[in-house]
There are 2 protein chains.
Amino acid sequence: MNIGQAAKASGVSAKMLRYYESIGLLAQAGRTEAGYRVYSDADVRTLRFVRRARDLGLSLERIKLLIGLWQDDDRASADVKRIATEHAAELRTKIAELTQMCEALEGMAAACHGDHRPECPILDDIARGGQAEAAPNGSKRLGTRREAPGAGAHRAIQGAMR
Amino acid sequence: MNIGQAAKASGVSAKMLRYYESIGLLAQAGRTEAGYRVYSDADVRTLRFVRRARDLGLSLERIKLLIGLWQDDDRASADVKRIATEHAAELRTKIAELTQMCEALEGMAAACHGDHRPECPILDDIARGGQAEAAPNGSKRLGTRREAPGAGAHRAIQGAMR
DNA sequence: GCTTGACCTTCCCATTGTGGGAAGCCCCAT
DNA sequence: ATGGGGCTTCCCACAATGGGAAGGTCAAGC
């Protein structure tokens, strides 16, 4: 099997196959005399593993560890579980960050007329830096979290989209 | 105000100030005779705007648009609202993807003993490519979505963590 | 046998934001 | 005037992927 066929069979692009090999995630593929990479069914099984692990959002770093464990008959399932739960915890954190952003945005958007006029609570809110405008009359303040300024979590929120 | 003070006052690093200027997100800052950048209070207000917008997960591309609208007295709030709702929709999509990943992982992890033994449903699940193992006895299949293979959403799921 | 098109190879570049660091200049206080 | 801290620019790195160029190879059809 050459790289294109392996790519099609595994769902991993040929480009990524070469890349994974270059970073040591995959072993160096065999070569024909002409220099073409050659893949076996076992290789394709590994590739599918990688593909599915990527679909779970795991980093290549962690996938590398998982492959090592997968191919190690003496592994401890605790090691696998730790990797999975660590990643799940990171996902939960990211989900919470994105949810907070999203709710803030949706709140602001709901308060915005969205017409031809320039008045816009969204811009006001962003410009105000997320601080309430002294709540003149008990307005709804949908967009902005009012309690818990969350002074420590600022840079943590950054990176959520990256 | 020089760049360090503006950075401290706005919560945007000096490094990012220079970068934002270089990509045209911010206007070129004034300079002292020695070449030091000089910032005004108005500049700091803009920087805080950017900072807050970043905290909402907006791309610099969109922030650029928002700044333009913010400084345009003739803007239509609809334009602002569209940007906000588009971004919120993208966040919702990403949240859904991450949630799906996370639930799959948590399900697998829950099924894993996590001890010294090698048996591991997590690895089995990933290796099986997310397809049910022919459901021999109606087992719980916690980790894997069984219905809706979602054949179209594959590459869409990729990129969720990036 | 030769051409052609599809495939393979390597190498470089771009993406998105951010940080790290080097080399060199500047400013202020001692 | 000297030292330390701040400023300047420039390059590199990250994570994971795609795009594309320049060139070699294979197989099918003529």
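Think of each chain on its own: its residues are numbered from 1, step by step along the sequence as written. By the order in which they are written, chains take letters starting at A while ligands take numbers starting at 1. In keeping with the predicted nature of the model, local features appear solely for residues at pLDDT of at least 70, side-chain atom pairs appear and are counted solely at 80 or more, and the whole-chain, interface and lining totals rest on all residues. The basis for every side-chain value is the complete set of non-hydrogen atoms in the structure, without hydrogens or water.

> An account of the relation of the copies chain B and chain A is needed here, citing residue identities and associated values.
Least-squares superposition of the copies uses the C-alpha atoms of those residues scoring a pLDDT of at least 70 in each of them. Least-squares fitting of chain B to chain A yields an RMSD of 0.1 Å, with the superposition described by an axial translation of 0.0 Å and a rotation of 180 degrees. The superposition operator between the copies reduces to a two-fold rotation axis. Only heavy atoms matter for contacts: two residues are in contact if any of them lie within 4.5 Å across the pair. Most of the interface of chain B is mirrored in chain A: 100% of its interface residues are interface residues there too.

> Any chance you could break down the protein's contact with DNA strand D for me, citing the residues and the numbers?
Inspection of the region around DNA strand D gives 20 residues, with K15, Y20 and Y36 of chain A together with N2 and Y36 of chain B positioned closest. Per the 4 Å cut-off to the protein, sugar and phosphate atoms form 66% of the nearby atoms of DNA strand D. Between a phosphate oxygen of DNA strand D and a side-chain N or O atom of Y20 of chain A, the distance comes to 2.7 Å. Here a phosphate oxygen of DNA strand D sits 2.7 Å away from a polar atom, N or O, in the side chain of N2 of chain B. Being near a molecule or strand, for a residue, means having at least one of its heavy atoms within 4 Å of it. Pairing of N or O atoms within 3.5 Å defines a polar contact, subject to two protein rules: one partner must be a possible hydrogen donor and the other a possible acceptor, and residues neighboring in sequence count only if both atoms are side-chain atoms.

> Any chance you could break down the nonpolar core for me, citing the residues and the numbers?
L17, L66 and I122 of chain A together with L17, L66 and I122 of chain B are the most contacted members of the largest nonpolar core, which has 80 residues in total. If sequence neighbours within four positions are ignored, I122 of chain A has contacts with M108, A109 and C112 of chain A together with V80, K81 and A84 of chain B. Here, the term nonpolar core denotes a set of buried Ala, Val, Leu, Ile, Met, Phe, Trp, Tyr and Cys residues that are joined through side-chain atoms within 4.5 Å. Only protein chains enter the accessibility calculation, which uses a 1.4 Å probe; a residue whose area is less than 20% of its type maximum is buried, one above 50% is exposed, and one in between is partly exposed.

> Tell me about the environment of I126 of chain A, and please be specific about residues and values.
Structurally, the position occupied by I126 of chain A is in helix α6 (residues 121-127). Classification of I126 of chain A by relative accessible area gives buried; the value is 1%. Spatially, the C-alpha atoms of I126 of chain A and M108 of chain A are 9.3 Å apart, while their sequence positions differ by 18 residues. Apart from residues no more than four positions distant in its own chain, I126 of chain A is found in contact with M108 of chain A together with F49, R52, A53, L56 and L66 of chain B. To qualify as a helix, a DSSP run of H or I must reach at least 4 residues; to qualify as a strand, a run of E must reach at least 2; elements of each kind are numbered from the N terminus.

> With reference to specific residues and values, describe the protein's contact with DNA strand C.
If you check the shell around DNA strand C, you find 20 residues, and the closest are N2, G4 and R37 of chain A together with K15 and Y20 of chain B. Atoms of DNA strand C within 4 Å of the protein belong to the sugar or the phosphate in 70% of instances, the rest to bases. R18 of chain A places a side-chain nitrogen or oxygen 2.9 Å from a phosphate oxygen of DNA strand C. A distance of 2.6 Å separates a base oxygen of DNA strand C from a polar side-chain atom of K15 of chain B. Listing elements by their share of the surface near DNA strand C, those giving two or more residues are α1 (3-10) of chain A together with α2 (14-22) of chain B. In terms of residues, the surface near DNA strand C owes the most to one element, α2 of chain B, which gives four residues. Residues were grouped as follows: Ala, Val, Leu, Ile, Met, Phe, Trp, Tyr, Cys and Pro as nonpolar; Asp, Glu, Lys and Arg as charged; and all remaining residues, including Gly, as polar. Looking at the surface near DNA strand C residue by residue, the classes come out as eight nonpolar, six polar and six charged.

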